[in-house]
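Tertiary structure, described
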Amino acid sequence: MDLIVHTHRTHEGFCLFQHFHGENSRSSSGFAGVRVRAKVDSSMKVSLGVRKFKRSRVFAVSGVEAFRSNGKVQSFDKPPNGQLGNGHVPSNPMDSLPNLGEVESNNHLRKLVRNGELEEGFRFLESMVYRGDIPDIVPCTSLIRGFCKIGKTRKAARVMEIVEDSGAVPDVITYNVLTSGYCKAGEIDKALRVLDRMGVAPDVVTYNTILRALCDSGKLKQAMEVLNRQLEKECYPDVITYTILIEATCREGGVGQAMKLLDEMRSRGCKPDVVTYNVLVNGICKEGRLDEAIKFLNNMPSYGCQPNVITHNIILRSMCSTGRWMDAERLLAEMVRKGCSPSVVTFNILINFLCRKGLLGRAIDILEKMPRHGCTPNSLSYNPLLHGFCKEKKMERAIEYLEKMVSRGCYPDIVTYNTLLTALCKDGKVDAAVEILNQLSCKGCSPVLITYNTVIDGLSKVGKTDEAVELLKEMRAKDLKPDIITYSSLIGGLSREGKVDEAIKSFHDLEGLGIKPNAITYNAVMLGLCKARQTDRAIDFLAYMVSRGCKPTEVSYTILIEGIAYEGLAKEALELLNELCLRGVVKKSSAEKVAVRM
């Protein structure tokens, strides 16, 4: 079977993607008889016949696609050109730095660090030690903290080495700062090495920092080993230590195991606090044992700990997620009766749940009650209502509550506006959406990628691609990088409007940005080409799609079949459809629908 690619004939503004049939195609042994042959002489195409030509090319591409989907693709990365050195060797630390006495030097070091001049402070520290001055540990600790904060843990570690070698004695706070920096950077192994070589005894903060990092990384077993080391060193865990471990145990081993740890905590004379109990209540709720969580909540005073608003919010959220609205209402009333004032979060949980259930009237009742309990609604209180009104296509009510929100001193956030823009575009009111988008900056709310994507998609769907292109330029001017969704919307709109060459240009722009097109993007271009009666180019595009490692969908083939029929070759298109159906490329049900349309 021949895949025929014409290298001599191109339409203006369209690249035929000649390179897809290169060396790799010829050398691969897995093509199972599929040969890729370039036809240069246009007379050869005539001899084959237009009808046979189109059928064989689509079959050939489907064969290549089948091979690619079953085969393995290997990639070979080039080794880096060079490697960075691990150490730092100053050429002459005395050059161009002030030569001061030890007291003045330490004062100068403090000033540099306080002003955020970390690199200058680092060089000055080196010059101090080079002269034999002993640096003050406080500015050195601040220097380590500064480097850790910006992710330069390697530089922070070098500061520690300089300090240790200088004869100064780092205290536990200095080591804790470095340990914390390593943990935040995800370099837990380095933090553990610091723990092993500390010149002073680690304290409970040191251990808690490492335990938190291990637990957050899902390394509970290793965390328990560190706890045992801590106990051996007679550094006794505090309530934070156990709460960290209980939370991780709930997540990885279940509440049953966490309760054993709670018992151990109590036996060591460490009293759990409300945070510890909240972790357990949350774990019980996540295991779907809501009634047990409620019982635990009621028993907390007997454990010597009063539940707080967070405890109630955890259970309230679980009640809402399981549809126990009446229980949620009773819990809210019980909170107020016991003197545990609901927070904004409490009310937002209820409003969000009611809006998801379509109970907008009851959600409004909750919203209006908030000020009576000393709570001012925020954007998270209004957004679910606006979303609910938009979902029910009650745009007037949505705008009404947007205005009410602003009049009450609650300024909409980007989520609020995105909700409205999505609804307006779906309702075909794209001009209103553009107007809101243009006003966002004046309202102190910066549009984000999804904001532009929503409006570009809306404009593209109503045939206003010129405006969509202008919006794309605007977002790029604001350093917002478009994504595959941005371009798929625009390319689809251009193709539908018959602006195929513009669609292909946008396709190339997409690739130029390093964004990989998906099947939807390729299909949009092929549809535009077929509508323009340019199925030759559409087939070339299918070939390019396969060569770029994007697997064609059933839609890809049906677009080409309908395109061939549209050019007056209905009989040949039907034959092609039947054969692709037999090969399993197109489903029988889909083939029947396509046949009816032809």
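What comes next is a walk through the structure. Since this is a predicted model, take the numbers as computed values, not measurements.

A few points about the overall build of the protein
The helix and strand tally for the protein stands at 32 helices and 2 strands. Counting every position in the protein, which comprises 598 residues, the buried fraction comes to 47%. Counting contacts in the protein only where the partners sit at least 6 residues apart, residues at least 24 apart contribute 63% of the total. Accessible surface computed for the protein: about 30600 Å², of which carbon and sulfur atoms make up 52%.

Quick word on the nonpolar core
If you look at the biggest cluster of nonpolar residues, it comprises 164 residues, and the most contacted ones within it are Ile 246, Ile 315, Leu 385 and Met 526. If we ignore the near neighbours within four places in the chain, the residues touching Leu 385 are Cys 355, Leu 360, Ala 363, Ile 364, Leu 367 and Tyr 401.

Quick look at unusual backbone geometry
Positive phi, close to 60°, is recorded for Glu 234, a residue that is not glycine. Topologically, Glu 234 is positioned in the loop between α11 (220–232) and α12 (239–252). The phi dihedral of Lys 393 is positive, around 60°, even though this residue is not glycine. Checked against the element boundaries, Lys 393 lands in the loop between α20 (379–391) and α21 (395–407). On the basis of relative accessibility, which here comes to 66%, the residue Lys 393 falls in the exposed class.

Examining the side chain of Arg 537
With respect to the helices and strands, Arg 537 occurs in helix α29 (residues 535–547). Owing to a relative accessible area of 3%, Arg 537 belongs among the buried residues under this scheme. At 2.4 Å, the side chain of Arg 537 forms a polar contact with the side chain of Gln 534.

Quick word on helix α15 (residues 290–299)
Along an α-helix, residues three or four apart share an orientation, since each turn contains 3.6 residues. Along α15, the residues that are buried comprise Leu 290, Ala 293, Ile 294, Phe 296 and Leu 297. Axial view of α15: buried residues confined to an arc of 160°, hence all on one face. Counted as exposed and oriented over 90 degrees from the buried face of α15: Asp 291, Lys 295 and Asn 298. In this structure, the buried residues of α15 make contact with α13 (255–267), α14 (274–286), α16 (309–321) and α17 (325–337).

Side note on the packing of aromatic side chains
Inspection of every chain in the model, using the stated rule, returns 10 aromatic pairs. Centre to centre, the rings of Phe 122 and Phe 147 are 6.2 Å apart; their planes meet at 85°, and the pair counts as edge-to-face. Taken together, the positions of Phe 122 in helix α5 (residues 118–131) and Phe 147 in helix α6 (residues 137–149) put the pair 25 residues apart, joining distant regions of the chain. The pair Phe 122 / Phe 147 is uniform in exposure class, with both members buried. Considering the side-chain rings of Tyr 277 and Phe 296, the 5.8 Å spacing of their centres and the 55° angle between planes classify their relative orientation as tilted. Of this pair, Tyr 277 sits in helix α14 while Phe 296 sits in helix α15, placing them 19 residues apart in sequence. Taking relative accessible area as the criterion, Phe 296 reaches 8% and is therefore assigned buried. Through a chain of ring-to-ring contacts, three or more aromatic side chains come together here, namely Phe 507, Tyr 522, Phe 541 and Tyr 544. Against the face of Tyr 401 rests Lys 404, its NZ or CZ located 4.5 Å from the ring centre.

Concerning helix α23 (residues 430–439)
Buried residues of α23: Val 430, Ala 433, Val 434, Ile 436 and Leu 437, and no others. Buried residues along α23 cover an arc of 160° about the axis, so they all sit on one side. Buried residues in α23 make contact with α22 (414–426), α24 (449–461) and α25 (465–477).

Overview of the pattern of salt bridges
Applying the stated criterion to the full structure yields 33 salt bridges. A network of salt bridges, in which partner residues are shared, links Asp 291, Arg 324, Asp 327 and Arg 330.

Some thoughts on the side chain of Ser 495
Looking at where Ser 495 falls in the secondary structure, it is placed in helix α26 (residues 484–496). According to the relative accessible area criterion, Ser 495 is buried, its value standing at 4%. In contact with Ser 495, other than residues within four places in its own chain, are Ala 503, Ala 524, Val 525 and Gly 528.

A word on the packing of helix α19 (residues 360–369) against α20
Contact geometry of α19 with α20 gives a least axis separation of 11 Å together with a crossing angle of 160°. When the axis of α19 is compared with that of α20, the two are roughly antiparallel. Remark: the crossing between α19 and α20 carries left-handed chirality. For the pair α19 and α20, contact is made by Leu 360, Ala 363, Ile 364 and Leu 367 and by Ser 381, Tyr 382, Leu 385, Gly 388 and Phe 389, respectively. Grouping the constituent residues of the contact of α19 with α20 by class yields 7 nonpolar, 2 polar and no charged.

Thresholds, definitions, all that
Residues numbered from 1 in each chain as written. Predicted model: local features only at pLDDT ≥ 70, side-chain atom pairs only at ≥ 80, totals over all residues. Heavy atoms only, no water. Helix = DSSP H or I, 4+ residues; strand = E, 2+ residues; numbered from the N terminus. Buried < 20%, exposed > 50% of the residue type's maximum accessible area, 1.4 Å probe, protein only. Contact = heavy atoms within 4.5 Å. Areas by Shrake-Rupley, 256 points an atom, 1.4 Å probe, with all protein chains shown as cover. Core = buried A, V, L, I, M, F, W, Y, C linked by side-chain atoms within 4.5 Å. Polar contact = N/O pair within 3.5 Å; in protein donor to acceptor, adjacent residues only side chain to side chain. Arc of directions from axis to C-beta. Phe/Tyr/Trp six-rings, centres within 6.5 Å; stacked < 30°, edge-to-face > 60°. Lys NZ or Arg CZ within 6 Å of the ring centre and 35° of its normal. Salt bridge = Lys/Arg side-chain N within 4 Å of Asp/Glu carboxyl O. Axes fitted to C-alpha atoms, helices over the stretch in contact; angles between N-to-C directions. Parallel < 35°, antiparallel > 145°, perpendicular 65-115°, else oblique. Left-handed = near helix turned anticlockwise from the far one by under 90°. Nonpolar A, V, L, I, M, F, W, Y, C, P; charged D, E, K, R; others polar.

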